[in-house]
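Residue-level structural notes
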Amino acid sequence: MHRVMTWVIFSVVPLASLFSCNPAVDTPTNEIQAPIELKINSNSMGDYIPEDFIGLSFETGSVRNNNAGMRGRFFSPENRQSLSIFKQLGIKNLRIGGGSVDANQVAPTLEDIDSLFAFANVSNIKVIYSFRLLNGDINENVTIAKYIWDHYKSYVQCFAIGNEPDWDSYHKTDPEITDYPSFLAKWKKFANAIIAVIPEAKFMGPHTGSNYPVPGAKNTFYNGKSWTVNFSVDLKSFGIVDFIAQHNYVGQDAVGNTPQVMIDNMLSRTWVNTYYPTLFNSNLKPVLDNGYQYRLAESNSYSSGVEGGSNSFATALFSLDYLHWWAEHKCAGVNFHNKQWVLNAPIVMDASNNLQVNPVGYGIKAFGLGGHGYVLPITLTNPNNVNLTAYAVRDNNNIFVTIINKEHSMKAGDIDVKIDLLGTMAQAEKISLISPDGSVTSKSATLGGSLILNDREWQGNWAPIVLDSEGKCKITITPGTAIVVKAKLK
């Protein structure tokens, strides 16, 4: 079911910041702030957020035994830490691919694949499984596809072929791929070979690497359109593509940025008000217009990593905001990339070979608390132009309101927020996403006062909210934090 965007966040953005790749820290708020008011029509339900919206993306190499310093297999029903973290983060979709699917390396064995899908069974996830395209062996792909389909088709969402074909690697090392038309021809050849033995198989593609025209991105357009849009047009009559896949690293490569610049960018108005709409309008709205669903199948704030920026608490606020923004723009799901062991990966391995959750994972978990159901229209009145976003979702008789305060200067003060469900609220409670030391530069996070650990259930607590005489609630939110409010309707 297609979903329709039903509400708008109103804010004023300085013209100079709209085109800055490295926006400055937002102007500090005044000490005395007028309250922000949120009005939500709980009966005007918009688009439904898919159950498998929250996903992770992993390299094909991560499926192999003892990969990247891992003892045993990450994806194994015997790996209690990875299973526990997947469950706690609410991961329902797993994309296997990344650059390693096309790199010169040893492919996963059948035993590796068996372990992957045994993990999928226990963790109740659907898998997007990628095959090699760059200098790929078509017969090897068909053999693996048939094995997966014969044994595990109930856990397969769809297949994929190749990774980021619009990057120069394809134009340099594979004589069959020199441009978009030759890529498309080879992609169809490989897909047809799989369809010949698995007529029911469906695919996701093209897993485009460039998010141009987002500032800083490389222009890989063909005939004035992104490869993403071209693919959705050219495959429309082919009948085997269920989803169009776009990759998106909003700030491009992290290398060369300071931690503070990264933090300021992730929490800037520019990303949410300019960069996200730029990508949507250029590359993804045309996909919807062509009758497809789309998925951000590999995504994060930046690619690669910088200590203190990629693993800062700011990533938690970014991921929470990012998931909600795309959920209300018809996205079928977001898969945060979890390359072993890049600093901005949601799940990382520590020096003792134990798996831990990075701050970005706390934002994903917070979305899981308040991001299931139908998007609701929301009107935000923000008299002092505070750098704050808010989202509302209805799940049965509950309304979830997520409020993200991205002010983070030393002079920023607490903000009062009034929530009005038009007189229909019976009771309410809240849960907070904060850094323990109160700074967005921190490399730790808590949600509901609790850590997300690798060996036990998350113990976060909801705190009651006292409603006023009119059935409205008022909360105070500190700078550099987020709150999820759960309101029960009368």
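So, about the overall build of the protein chain. The helix and strand tally for the protein chain stands at 10 helices and 21 strands. A globule of 490 residues ought to have a C-alpha radius of gyration of about 23 Å, and the protein chain, at 22 Å, matches this closely. The C-alpha extent of the protein chain, read off along each of the three principal axes, is 70 × 50 × 45 Å. Residues counted as buried form 59% of the 490 residues belonging to the protein chain. Taking the intrachain contacts of the protein chain between residues at least 6 apart in sequence as the baseline, contacts between residues at least 24 apart amount to 80%. Of the accessible surface of the protein chain, which amounts to about 18,700 Å², a share of 52% is contributed by carbon and sulfur atoms. Across the protein chain, the 39 positively charged side chains and the 43 negatively charged ones have centroids separated by 4 Å.

What follows covers the nonpolar core. Counting 115 residues, the largest nonpolar core has Phe86, Phe159, Trp187 and Trp326 as its most contacted members. The contact partners of phenylalanine 159, leaving out residues within four places of it in the chain, are Tyr129, Phe131, Ala145, Ile148, Trp149, Ile194, Ile198, Ala201, Lys202, Phe203 and Met204. One finds Ile378, Ile399, Leu421 and Ile465 within the second-largest nonpolar core, a separate group that totals 27 residues.

Another aspect to go through is the packing of aromatic side chains. The tally for this structure, following the rule as stated, stands at 40 aromatic pairs. Ring centres of tyrosine 276 and tryptophan 326 lie 6.3 Å apart, and the angle between their planes is 40 degrees; on these two criteria the pair is classed as tilted. In this pair, tyrosine 276 is assigned in helix H8 (residues 269–289) and tryptophan 326 in helix H9 (residues 314–327), connecting sequence segments 50 residues apart. A relative accessible area of 0% means that tryptophan 326 is categorised as buried.

Next up on the list: the sheet that holds strand S1 (residues 36–40). In spatial order, the strands read S13-S1-S16-S20; together these four strands make up an open sheet with mixed pairing. Here the strands that pair on one side only, and so sit at the sheet edges, are strand S13 (378–381) and strand S20 (473–477). The average undirected angle you get between the axes of adjacent strands in this sheet is 20 degrees. As defined by bridge partners, strand S16 (residues 415–420) adjoins S20 across five bridges and the pair is classed as antiparallel. Bridging across to S20, isoleucine 415 finds its partner in isoleucine 477.

For the rest of this paragraph, the subject is the packing of helix H6 (residues 227–234) against H8. At a minimum axis separation of 8 Å, H6 and H8 run at an interaxial angle of 15 degrees. Classified by the angle their axes make, H6 and H8 are roughly parallel. Seen along the crossing, H6 lies across H8 with a hand that is left-handed. When H6 is examined against H8, the residues Thr228, Val229 and Ser232 are found in contact with a partner set consisting of Ser282, Asn283, Leu284, Pro286 and Val287. Taken together, the residues of the contact of H6 with H8 break down into four nonpolar, four polar and no charged.

Quick look at the packing of helix H1 (residues 80–89) against helix H2 (residues 110–123) now. Where H1 contacts H2, the two axes come as close as 10 Å, and the packing angle between them is 45 degrees. In this view, H1 runs oblique relative to H2, as classed from their interaxial angle. Remark: the crossing between H1 and H2 carries right-handed chirality. Two secondary-structure elements touch here, H1 through Ser82, Leu83 and Phe86 and H2 through Phe119, Val122 and Ser123. Considering only residue class, the contact of H1 with H2 consists of four nonpolar, two polar and no charged.

Next up on the list: the pairing of strand S2 (residues 54–59). Burial within S2 is extensive, with six of its six residues counted as buried. Burial along S2 is two-sided: Ile54, Leu56 and Phe58 facing one way and Gly55, Ser57 and Glu59 facing the other are all buried. In terms of strand pairing, S2 meets strand S9 (residues 334–337) through four bridges, oriented parallel. Following the sheet pairing, isoleucine 54 is matched in S9 by valine 334.

Right, let's talk about the state of the cysteines for a bit. For the coordinates displayed, the defined rule picks out zero disulfides. The thiol sulfur of cysteine 331 is not disulfide-bonded, and the nearest other cysteine sulfur, from cysteine 158, lies at 13 Å. Using a relative accessible area of 0% as the deciding quantity, one classes cysteine 331 as buried.

Relative to the 26 Å expected for 18 residues at 1.5 Å per residue, helix H5 (residues 180–197) spans 26 Å between its end C-alpha atoms, a close match to the ideal helical length. If you follow the buried residues of H5, they end up packed against strand S4 (126–131), helix H3 (138–152), strand S5 (156–161), strand S6 (203–208), H6 and strand S7 (241–249).

What counts and how
- Residues numbered from 1 in each chain as written.
- Predicted model: local features only at pLDDT ≥ 70, side-chain atom pairs only at ≥ 80, totals over all residues.
- Heavy atoms only, no water.
- Helix = DSSP H or I, 4+ residues; strand = E, 2+ residues; numbered from the N terminus.
- Rg over C-alpha atoms; globule rule 2.2 N^0.38 Å.
- Buried < 20%, exposed > 50% of the residue type's maximum accessible area, 1.4 Å probe, protein only.
- Contact = heavy atoms within 4.5 Å.
- Areas by Shrake-Rupley, 256 points an atom, 1.4 Å probe, with all protein chains shown as cover.
- Lys, Arg positive; Asp, Glu negative; His and termini not counted.
- Charge placed at Lys NZ, Arg CZ, Asp CG, Glu CD.
- Core = buried A, V, L, I, M, F, W, Y, C linked by side-chain atoms within 4.5 Å.
- Phe/Tyr/Trp six-rings, centres within 6.5 Å; stacked < 30°, edge-to-face > 60°.
- Pairing = 2+ DSSP bridges.
- Axes fitted to C-alpha atoms, helices over the stretch in contact; angles between N-to-C directions.
- Parallel < 35°, antiparallel > 145°, perpendicular 65-115°, else oblique.
- Left-handed = near helix turned anticlockwise from the far one by under 90°.
- Nonpolar A, V, L, I, M, F, W, Y, C, P; charged D, E, K, R; others polar.
- Disulfide = S-S within 2.5 Å.
- Expected span 1.5 Å × (residues − 1).

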